[in-house]
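# Notes for the structure review
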Amino acid sequence: MTDYVTVLTTTGTAEAAEALADSAVRARVAACAQIVGPITSVYRWEDEVQREQEWQVVFKTTAARYPALEAHIKAEHTYDVPEVIATPITAGSPAYLAWLAAETAVPQ
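Source: prediction; values computed, not measured.

### Some remarks on the sheet that holds strand β3 (residues 48-62)
Strand order in this open sheet of four strands is β2-β3-β1-β4, and the pairing throughout is antiparallel. Two strands bound the open sheet, and with one partner strand each, they are β2 (32-45) and β4 (85-88). Shown here is a sheet whose adjacent strand axes are inclined to one another by a mean of 30°, direction ignored. Two strands pair when backbone bridges link them, and strand β1 (residues 4-11) and β3 are joined in this way by eight bridges, in the antiparallel orientation.

Given below as structure tokens:
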């Protein structure tokens, strides 16, 4: 893994997306989160093809804080099996990445 990652999840409502984004940033497991939506998701669940309106949440965090963010998403999410996908950030503004690291540092 690289030093920094973006992490995606989706929620069923704008309110759930905002609550999840807010709680992750407050817990310092993510430096920030953007909410995109509504989007249309098509997926198979319990042997049926589903089509639902969802909101996507994109978090930025460090690779070191990813396990804590994943645990936070799973604990706070309303879905039985929430999407949690991490993508490495291979390059970025040094100032932005330093800010990201500072905002997700474990408080001493």
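### Details of a nonpolar patch on the surface
Taken together, the side chains of Tyr-43, Trp-45 and Val-81 present a nonpolar region at the surface, about 290 Å² in accessible area. Looking at where Trp-45 falls in the secondary structure, it is placed in strand β2.

### Looking at the pairing of β2
Pairing of β2 with β3, which is carried by twelve bridges, proceeds in the antiparallel orientation. Residue Tyr-43 lies in a different strand from β3, and its bridge partner there is Gln-50. In sequence, β2 turns back onto β3 through a hairpin of two residues, with Glu-46 there showing a positive phi of about 50°.

### Topic: the packing of aromatic side chains
Tallied over the full model, the rule gives one aromatic pair. Both rings, one in Tyr-96 and one in Trp-99, keep their centres 5.4 Å apart while their planes meet at 40°; by these two values the pair is tilted. One end of the pair is Tyr-96 and the other is Trp-99, both in helix α3 (residues 94-104) and three residues apart, which spans about a single turn. The class for Trp-99 is partly exposed, based on a relative accessible area of 35%.

Rules behind the numbers
- Residues numbered from 1 in each chain as written.
- Predicted model: local features only at pLDDT ≥ 70, side-chain atom pairs only at ≥ 80, totals over all residues.
- Heavy atoms only, no water.
- Pairing = 2+ DSSP bridges.
- Helix = DSSP H or I, 4+ residues; strand = E, 2+ residues; numbered from the N terminus.
- Axes fitted to C-alpha atoms, helices over the stretch in contact; angles between N-to-C directions.
- Patch = residues over 30% accessible without salt bridge, like charges linked within 9 Å, V, L, I, M, F, W, Y side chains within 5 Å.
- Areas by Shrake-Rupley, 256 points an atom, 1.4 Å probe, with all protein chains shown as cover.
- Salt bridge = Lys/Arg side-chain N within 4 Å of Asp/Glu carboxyl O.
- Phe/Tyr/Trp six-rings, centres within 6.5 Å; stacked < 30°, edge-to-face > 60°.
- Buried < 20%, exposed > 50% of the residue type's maximum accessible area, 1.4 Å probe, protein only.

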